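Next come the chains, spelled out residue by residue.
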Amino acid sequence: MQGIYDMHDTAGRITKDGIRIYEDADFTGMRLAGQVAAEILDAVAALVKPGATTAELDDFIREDIDRRGATSATIGYKGYRHASCISVNHVVCHGIPGGKQLADGDILNIDVTVIVDGWFGDTSRMYVAGTLPRKAERLIDVTHEGLMRGIAAVMPGNTFGDIGHAIQSYVEANRMSVVRDFCGHGLGRVFHAPPNVLHYGRPGSGAVLEEGMFFTIEPMVNLGRPETKVLADDWTAVTRDRSLSAQFEHSVGVTATGCEIFTLSPAGRFHPTWA
Ligand code: MF3
Ligand code: CO
Ligand code: CO
């Protein structure tokens with residue numbers, strides 16, 4: 001999101017950078033919410049195929065959230081009306097589900113945020129309709145590895161700049177670009193909280209990570225230039241040069257020695273070519 005925070009949180013300590021420190025017991029809540037979100041992304045995979053519409057995928061997601069006794073965090077959020085964002089090909093993020101059919105070789109990010117017992121689980125991953133084109137596969141592989149390298153930098157004492165640098169240096173070494181216009185965010189009992197988690201940066205810059213911080217890392221990577229623009233619907237962000245874009249998102253919590261990923265796929269299906 002773009003650095004606009006929700007302000008409804010109460011418990012716990014706040015750092016000088018405005019970042020909430022959660023308790024050990026709160027990891028349980030985040031784990032449950034993260035697992036529900038990840039299970040929904042596992043389940044929707046079977047519906048992604050040429051001819052399907054993104055509105056059909058969103059309908060399934062809305063019903064599946066219901067079946068699991070969870071609540072959609074996006075329906076009604078700043079006027080958004082859907083249970084997911086579905087971003088196809090050159091759409092960077094915040095794609096609105098609609099009636100257009102997927103074509104063979106289209107790649108898409110599906111982003112779901114659920115609320116379970118008041119805790120927010122926010123995750124997204126890439127899918128393909130039909131056969132994954134070679135260039136798209138490279139983009140998806142680099143984006144996923146970039147996310148995992150960012151996550152590997154999550155430990156107490158490291159900084160948010162270390163996370164951004166790990167992502168940016170890997171992506172740019174592969175001659176792709178990191179989107180600057182959107183970032184990850186703190187979350188927990190709210191959807192969007194400090195800090196802005198940038199997917200680029202300098203080692204050692206930014207706030208210092210502490211055990212008990214919860215946030216997302218959600219790099220968007222373009223095959224072409226990093227610039228984006230938002231369409232007239234006020235949501236859909238696209239690459240200005242219309243190059244392909246990919247994104248993966250995990251919700252994580254900082255532990256004493258590293259981090260816990262709350263939104264790992266129970267089916268091991270986090271990547272379009274897995275399982
Ligand atoms: N899930 C998105 C994120 O990762 C936010 C979507 S807000 C919506 O931050 F309103 F567009 F759904
Ligand atoms: Co997010
Ligand atoms: Co998200």
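Details of the structure are given in the entry above.
The text that follows walks through the structure, step by step, so that each part is easy to find. Every chain's residues receive numbers from 1 upward, in the order its sequence appears when written. Whichever chain is written first is A, and whichever ligand is written first is 1; the rest continue in order. Per-residue local features of the predicted model are confined to residues with pLDDT of at least 70, and side-chain atom pairs are confined, for both listing and counting, to 80 or more; whole-chain, interface and lining totals are unaffected and use all residues. Side-chain metrics in this entry use all non-hydrogen atoms of the structure; hydrogen atoms and water are not considered.

### Details of the coordination of the cobalt ion (ligand 2)
Each metal site lists N, O and S donors within 2.8 Å (3.2 Å for Na, K and Ca). With water left out of the atoms, a site can look as if it is missing ligands. Around the cobalt ion (ligand 2), the protein supplies D122 (OD), H185 (NE2), E218 (OE) and E249 (OE) as donor atoms, at distances of 2.0 to 2.3 Å. For the cobalt ion (ligand 2), the 6 donor atoms in the first shell make angles of 50 to 161° at the metal, a pattern classed as irregular. Each donor residue of the cobalt ion (ligand 2) lies on the same chain, and together they follow the pattern D-x62-H-x32-E-x30-E. Separation of the cobalt ion (ligand 2) from the cobalt ion (ligand 3) amounts to 3.3 Å, with D122 serving as a shared donor to the pair. Of this pair, E218 sits in the loop between β11 (214-217) and β12 (220-222) while E249 sits in the loop between β15 (245-247) and β16 (250-254), and the two are 31 residues apart along the sequence. Like E218, the residue E249 is buried in the burial classification. In short, tetrahedral needs four donors with all angles between 85 and 135 degrees, square planar needs four and octahedral six donors with opposite donors over 155 degrees apart and all other angles between 65 and 115, and whatever is left is irregular. Each helix is a run of H or I in the DSSP string that is no shorter than four residues. Each strand is a run of E no shorter than two, and both are numbered from the N terminus. With a 1.4 Å probe rolled over the protein chains alone, any residue whose accessible area is under 20% of its type maximum counts as buried; one over 50% counts as exposed, and the rest are partly exposed.

### Focus: the nonpolar core
Take the buried Ala, Val, Leu, Ile, Met, Phe, Trp, Tyr and Cys residues and link them wherever side-chain atoms come within 4.5 Å; each set so joined is a nonpolar core. I107, F160, I163, M213, F215 and I217 are the most contacted members of the largest nonpolar core, which totals 35 residues. Of all the secondary structure elements, the ones that give two or more residues to this core are β7 (119-128), α3 (134-152), α4 (160-173), β11 and β16. When checking whether two residues touch, look at their non-hydrogen atoms; a contact exists if any pair is within 4.5 Å. With residues up to four places along the chain from it excluded, the contact list for F160 reads I19, P195, V197, S205, A207, L209, M213 and F215. Counting residues in hydrophobic clusters, the runner-up holds 33 residues, among them V36, L57, F60 and F120.

### Thoughts on the site of ligand 1
Note on definitions. A residue lies near a molecule or strand when any single heavy atom of the residue is within 4 Å of it. In the vicinity of ligand 1 there are 14 residues, among which T74, H185, H192, E218 and E249 approach most closely. Within the side chain of H185, one N or O atom sits 3.1 Å away from an oxygen atom of ligand 1. The protein chains shown are the only cover counted for residues, whose accessible areas, like all others here, come from Shrake-Rupley with a 1.4 Å probe. Bound to the protein, ligand 1 loses 99% of the 340 Å² it would expose on its own. N or O atoms within 3.5 Å of each other form a polar contact, as long as, within protein, one can give a hydrogen and the other can take it, and as long as residues adjacent in sequence are counted only when both atoms are side-chain atoms.

### Overview of the coordination of the cobalt ion (ligand 3)
The protein atoms that coordinate the cobalt ion (ligand 3) are D111 (OD), D111 (OD), D122 (OD) and E249 (OE), at distances spanning 2.1 to 2.3 Å. Relative to the metal, the 6 donor atoms surrounding the cobalt ion (ligand 3) lie at angles of 58 to 167°, and the coordination shape comes out irregular. Every donor residue of the cobalt ion (ligand 3) comes from the same chain, spaced as D-x10-D-x126-E.

### Focus: the pattern of salt bridges
One side-chain nitrogen of Lys or Arg within 4 Å of one carboxyl oxygen of Asp or Glu is enough to make a salt bridge. Counted by the stated rule, this structure contains 11 salt bridges. In this structure, E39 and R68 form a salt bridge, with 2.8 Å as the shortest nitrogen-oxygen distance. In this pair, E39 sits in helix α1 (residues 26-44) while R68 sits in the loop between α2 (54-67) and β3 (71-72), placing the two residues 29 residues apart along the sequence. The class for E39 is partly exposed, based on a relative accessible area of 31%. Judged by its relative accessible area of 32%, R68 is partly exposed. Note that D64 and R67 form a salt bridge whose closest N and O atoms lie 3.2 Å from each other.

### A word on the packing of aromatic side chains
How two aromatic rings sit relative to each other is given by the distance of their centres and the angle of their planes. Between 30 and 60 degrees the pair is tilted, below 30 it is stacked and above 60 it is edge-to-face, where a pair is any two Phe, Tyr or Trp rings, Trp via its six-membered ring, whose centres lie within 6.5 Å. Scanning all chains against the criterion turns up 11 aromatic pairs. Taking 4.8 Å as the distance between ring centres and 55° as the angle between the ring planes, the aromatic pair formed by Y77 and F191 counts as tilted. Remark: F191 occurs in the loop between β9 (184-186) and β10 (193-197) and Y77 occurs in the loop between β3 and β4 (85-88); sequence separation between them is 114 residues. Residues Y77 and F191 agree in their burial class; the two are buried. Here the aromatic cluster, defined as three or more aromatic residues joined through ring pairs, consists of Y22, F27, W119, F214 and F262. Here, a charge over a ring is recorded when the distance from Lys NZ or Arg CZ to the ring centre is within 6 Å and its angle to the ring normal is within 35 degrees. The aromatic ring of Y200 is capped on one face by R180, whose charged end is 5.0 Å from the ring centroid.

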